[in-house]
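Each chain is listed here by its residues.
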Amino acid sequence: MAVPVEQENGTRVSKEFDAEVDAVLRAYKAVIDQAERQALDARTAAAAFTKGWDACRSGLVLPTLNKIVATLAEKQAVASVAALPNGVGLFLPYPARADVRGHGQPHVAITANHSTSRVEFKHLHGAGGSGNDGNYSIGEITPELIEKHVLVLVRDVYR
């Protein structure tokens, strides 16, 4: 038989009921605490990714793209670097197609995907072909990786 527990307001509940309510509320609080920790961890990771991407874009991606543009200019090939939403792109117009301008011209887009915390390389090239060349962690981004993706575009445009 359940033994009543005297409450402050004078009502009686059994020790079993009291213990079950305590267990349910402890479990609920643990779930809420875990959700709050996960949300904080997600915000911290997102902020770290944004900070890392900003440093990578300004300290590695842009200087590498600018060197590529300079190298192409030395070889009489026109290219330019432009800001894109969440990233940057290297644009390489078709040599005989001055009418194709802006984002319609062949380019490699290097952008941050904040949902996945990855850096995506996407291309638009020849005959309207486009695709996702790959996605990488910030630590995987190197000048050689950028050159590799741009070289695919150069080959396609100058075939």
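Residues numbered from 1 in each chain as written. Predicted model: local features only at pLDDT ≥ 70, side-chain atom pairs only at ≥ 80, totals over all residues. Heavy atoms only, no water.

Q: Outline the environment of Pro143, listing residues and values.
A: Relative to the elements of secondary structure, Pro143 occurs in helix H2 (residues 143-157). Look at Pro143 and you get partly exposed, because its relative accessible area is 28%. Residues Pro143 and Leu62, spaced 81 residues apart in sequence, show a C-alpha to C-alpha distance of 10.0 Å. When residues no more than four places from it in sequence are discounted, the contact partners of Pro143 are Leu60 and Thr64. (Helix = DSSP H or I, 4+ residues; strand = E, 2+ residues; numbered from the N terminus. Buried < 20%, exposed > 50% of the residue type's maximum accessible area, 1.4 Å probe, protein only. Contact = heavy atoms within 4.5 Å.)

Q: Explain the nonpolar core residue by residue, including any values.
A: The nonpolar side chains of a soluble globular protein tend to be buried with one another. Judged by nonpolar contacts, the single largest core of 26 residues is most densely connected at Trp53, Val61, Leu65, Ile110, Phe121, Ile141 and Ile146. Elements represented by at least two residues in this core include exactly helix H1 (15-74), strand E4 (87-91), strand E5 (107-113), strand E6 (118-125) and H2. Ranked by residue count, the leading element in this core is H1, at eight residues. Not counting residues within four places of it along the chain, the set of residues in contact with Ile141 comprises Cys56, Leu60, Val61, Val119, Phe121, Tyr136 and Ile146. (Core = buried A, V, L, I, M, F, W, Y, C linked by side-chain atoms within 4.5 Å.)

Q: Account for the pairing of strand E3 (residues 80-84), with residues named and values stated.
A: Pairing analysis gives five bridges linking E3 to E4, with the strands arranged antiparallel. When the bridges of E4 are listed, Leu84 appears paired with Gly87. Counting the residues in the hairpin turn of E3 and E4 gives two residues, including Asn86, whose phi is positive at 65°. (Pairing = 2+ DSSP bridges.)

Q: Before we move on, could you go through the pattern of salt bridges and cite the residues and values that matter?
A: Inspection of the entire model under this criterion finds four salt bridges. With its nearest N and O atoms 3.0 Å apart, the salt bridge here joins Lys29 to Asp33. On the criterion of helical spacing, the pair formed by Lys29 and Asp33 is a turn pair, its members being four residues apart in helix H1. For Lys29, a relative accessible area of 48% puts it in the partly exposed group. For Glu120, the salt bridge is made with Lys122, and the minimal N-O distance between the two is 3.3 Å. Given the relative accessible area of 11%, Glu120 is considered buried. (Salt bridge = Lys/Arg side-chain N within 4 Å of Asp/Glu carboxyl O.)

Q: Summarise the packing of H1 against H2; cite the residues concerned and give the values.
A: Contact geometry for H1 and H2: axes closest at 10 Å, N-to-C directions at 45°. In terms of their interaxial angle, H1 and H2 are classed as oblique. Note on packing geometry: the crossing formed by H1 with H2 is right-handed. On H2, the residues touching Leu60, Val61, Thr64, Leu65, Ile68 and Leu72 of H1 are Pro143, Ile146, Glu147, Val150 and Val154. Across the contact of H1 with H2, the residue classes break down as nine nonpolar, one polar and one charged. (Axes fitted to C-alpha atoms, helices over the stretch in contact; angles between N-to-C directions. Parallel < 35°, antiparallel > 145°, perpendicular 65-115°, else oblique. Left-handed = near helix turned anticlockwise from the far one by under 90°. Nonpolar A, V, L, I, M, F, W, Y, C, P; charged D, E, K, R; others polar.)

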